[in-house]
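What follows is the residue order along each chain.
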Amino acid sequence: MEIRMDGRNALITGGSKGLGKAIATRFFTSGANVALVARGRQDLNAARQEIAQLGGGKVVAIAADIRSADGCDRAIAEAEGQLGTLDILVNNAGTSQRGPFLEVSDALWQDDLDLKLFASIRLCRRVIPAMRAQRWGRIINVLNVGAKMPDAEGAPTAVSRAAGMALMKILAHEGAAHNVLVNGMLVGKIRSDQWERRHQQDPRGLSLEDWYAEAGKDLPMGRLGLPEEFANVACMLASDAGSYINGAAINVDGGLCKVV
Ligand SMILES: NC(=O)c1ccc[n+]([C@@H]2O[C@H](COP(=O)([O-])OP(=O)(O)OC[C@H]3O[C@@H](n4cnc5c(N)ncnc54)[C@H](OP(=O)(O)O)[C@@H]3O)[C@@H](O)[C@H]2O)c1
């Protein structure tokens, strides 16, 4: 099924790398205009160039730290200024922060909640009124399987993700009558810049492919997912093809999560 998103305006947080960049690329090649938001200007510019050369609409890069209300406001204002009303918001920016509960400081809890929960709250609050007014909107919260299946040493991230899943559900109920559809995508293990940074820190000196092969050998499908496989699902949810999917927390994990 070919999915088109012609003329839609999408903002993707964490759009400079990994899953966010794959989503932005997929949306763009399906006809959407995309605004990439992240902190690092260099990576943003590189991603913007890489995507823009695929032709089509507009790609804008916005440097903002979305852990603050000010950063969220600026990201939306700049995206709206350059693209117009936003039809699609993907709350994707995140980092992996987990450890033994007794070692997680207040500062770490706050940082994780600011990035993974409060940024979504603030960005959703900014985009929903215009989406309601035009009776078309799509919001995707990128979460991880810890939201459904928290385990030992899963704090703070699993808690932030569970809260993000509850937020998604509330917004889906409130948005349904306005055709503002809100869903969650729960990541298992998917290749991204995050994993490549871990590879670089591994002292064993394995090639990236060998390292990925080892990292994936105990997963249900024997491998990590590919960012394009993740982006395909996001594209469906964010387009007219997903017009009756609302309030779903979809595992994109090759069967890793034991909870449906
Ligand atoms: N890949 C996986 O296997 C996996 C597993 C579980 C969950 N996830 C979740 O999936 C999402 C994407 O992960 P990924 O693997 O693609 O990560 P990634 O490759 O590290 O990319 C993260 C993106 O988020 C941006 N970002 C981080 N902090 C930010 C901030 N404060 N303000 C604005 N942008 C910020 C980063 O850019 P800057 O650093 O330049 O700001 C980057 O563009 C994250 O929420 C992650 O937690 C991924």
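Preceding this section is the structure that the text describes.
Below you will find a few notes about this structure. (Residues numbered from 1 in each chain as written. Predicted model: local features only at pLDDT ≥ 70, side-chain atom pairs only at ≥ 80, totals over all residues. Heavy atoms only, no water.)

**Let's talk about empty space enclosed by the protein**
Counted by the stated rule, this structure contains one cavity of 30 Å³ or more. Considered as a void within the structure, the largest cavity measures approximately 70 Å³ in volume. What lines the largest cavity is a set of 13 residues, and nearest its centre among them are Asn91, Ala93, Leu115, Lys116 and Ser120. At the level of elements, helix 4 (106–133) and strand 6 (137–144) are the ones that each hand at least two residues to the lining of the largest cavity. Counting residues per element, the lining of the largest cavity draws most heavily on helix 4, which supplies four residues. Among the residues forming the lining of the largest cavity, the class breakdown is six nonpolar, five polar and two charged. (1 Å grid on protein atoms, 1.4 Å probe; cavity = no way out; pocket = protein on both sides within 12 Å on 5 of 7 lines; lining within 4 Å. Points joined across faces, edges and corners; volume = space filled by probe spheres on them. Helix = DSSP H or I, 4+ residues; strand = E, 2+ residues; numbered from the N terminus. Nonpolar A, V, L, I, M, F, W, Y, C, P; charged D, E, K, R; others polar.)

**Some details on the environment of Ala10**
One can find Ala10 in strand 1 (residues 9–13). The spatial distance from the C-alpha of Ala10 to the C-alpha of Arg197 is 27 Å, given a sequence separation of 187 residues. Excluding residues that lie within four positions of it along the chain, Ala10 makes contacts with Phe27, Asn33, Val34, Ala35, Leu83, Leu86 and Ile88. (Contact = heavy atoms within 4.5 Å.)

**Some details on the layout of surface pockets**
In this structure, the largest pocket occupies an estimated 1,300 Å³ of space. If you go around the largest pocket, you meet 48 residues; those closest to its centre are Gly94, Thr95, Ser96, Arg161 and Gln194. Secondary-structure elements contributing two or more residues to the lining of the largest pocket are helix 1 (18–29), strand 2 (33–38), helix 4, strand 6, helix 5 (157–175) and helix 6 (193–201). Looking at side-chain class alone, the lining of the largest pocket contains 17 nonpolar, 17 polar and 14 charged residues. In this structure, the lining of the largest pocket is formed jointly by two domains, domain 1 (9–190 + 229–247) and domain 2 (193–224), each of which donates at least three residues. (Domains from an automatic or database assignment.)

**A word on the pattern of salt bridges**
On inspection of all chains with the given rule, the structure shows 16 salt bridges. In this structure, Lys17 and Asp43 form a salt bridge, with 3.6 Å as the shortest nitrogen-oxygen distance. Residue Lys17 is found in the loop between strand 1 and helix 1, and its partner Asp43 is found in helix 2 (residues 41–52); the two are separated by 26 residues along the sequence. One network of salt bridges, with partners in common, ties together Glu2, Arg4 and Asp6. (Salt bridge = Lys/Arg side-chain N within 4 Å of Asp/Glu carboxyl O.)

**A look at the packing of helix 3 (residues 69–83) against helix 4**
One way to put it is that helix 3 packs onto helix 4 with a least axis distance of 9 Å and a crossing angle of 35°. Seen from above, helix 3 lies across helix 4 with right-handed handedness. Packed against helix 3, whose contacting residues are Ala69, Cys72, Asp73, Ile76, Ala77 and Glu80, the element helix 4 presents Ala119, Arg122, Leu123, Arg126 and Val127 at the interface. Grouping the constituent residues of the contact of helix 3 with helix 4 by class yields seven nonpolar, no polar and four charged. (Axes fitted to C-alpha atoms, helices over the stretch in contact; angles between N-to-C directions. Left-handed = near helix turned anticlockwise from the far one by under 90°.)

**A few points about the side chain of Thr157**
Within the element layout of this structure, Thr157 appears in helix 5. The residues contacting Thr157, other than those within four sequence positions of it, are Gln97, Arg98, Asp112, Lys116 and Asn144.

**A short note on the site of the ligand**
Within the structure, the ligand sits among 29 residues, and Arg39, Asn92, Ser192, Trp195 and Arg197 are positioned closest to it. Residue Lys17 places a side-chain N or O atom 3.4 Å away from an oxygen atom belonging to the ligand. At 3.4 Å, a backbone N or O of Asp193 approaches an oxygen atom of the ligand. When the ligand is considered free in solution it has 890 Å² of accessible area, and contact with the protein chains removes 94% of it. (Near = heavy atom within 4 Å. Polar contact = N/O pair within 3.5 Å; in protein donor to acceptor, adjacent residues only side chain to side chain. Areas by Shrake-Rupley, 256 points an atom, 1.4 Å probe, with all protein chains shown as cover.)

**As for the packing of aromatic side chains**
One pass over the structure, following the stated rule, counts two aromatic pairs. With 5.7 Å between their ring centres and 65° between their planes, Trp211 and Tyr212 make a pair best called edge-to-face. Residue Trp211 is classed as buried on the basis of its relative accessible area of 8%. Take Tyr212: its relative accessible area is 3%, and that puts it in the buried class. An aromatic cluster of at least three residues, connected via ring pairs, comprises Trp195, Trp211 and Tyr212. Here the basic side chain of Arg138 rests over the ring of Trp136, its NZ or CZ set 4.1 Å away from the ring centre. In this arrangement the basic side chain of Arg198 is found over the ring face of Trp195, its NZ or CZ atom lying 4.4 Å from the centre. (Phe/Tyr/Trp six-rings, centres within 6.5 Å; stacked < 30°, edge-to-face > 60°. Buried < 20%, exposed > 50% of the residue type's maximum accessible area, 1.4 Å probe, protein only. Lys NZ or Arg CZ within 6 Å of the ring centre and 35° of its normal.)

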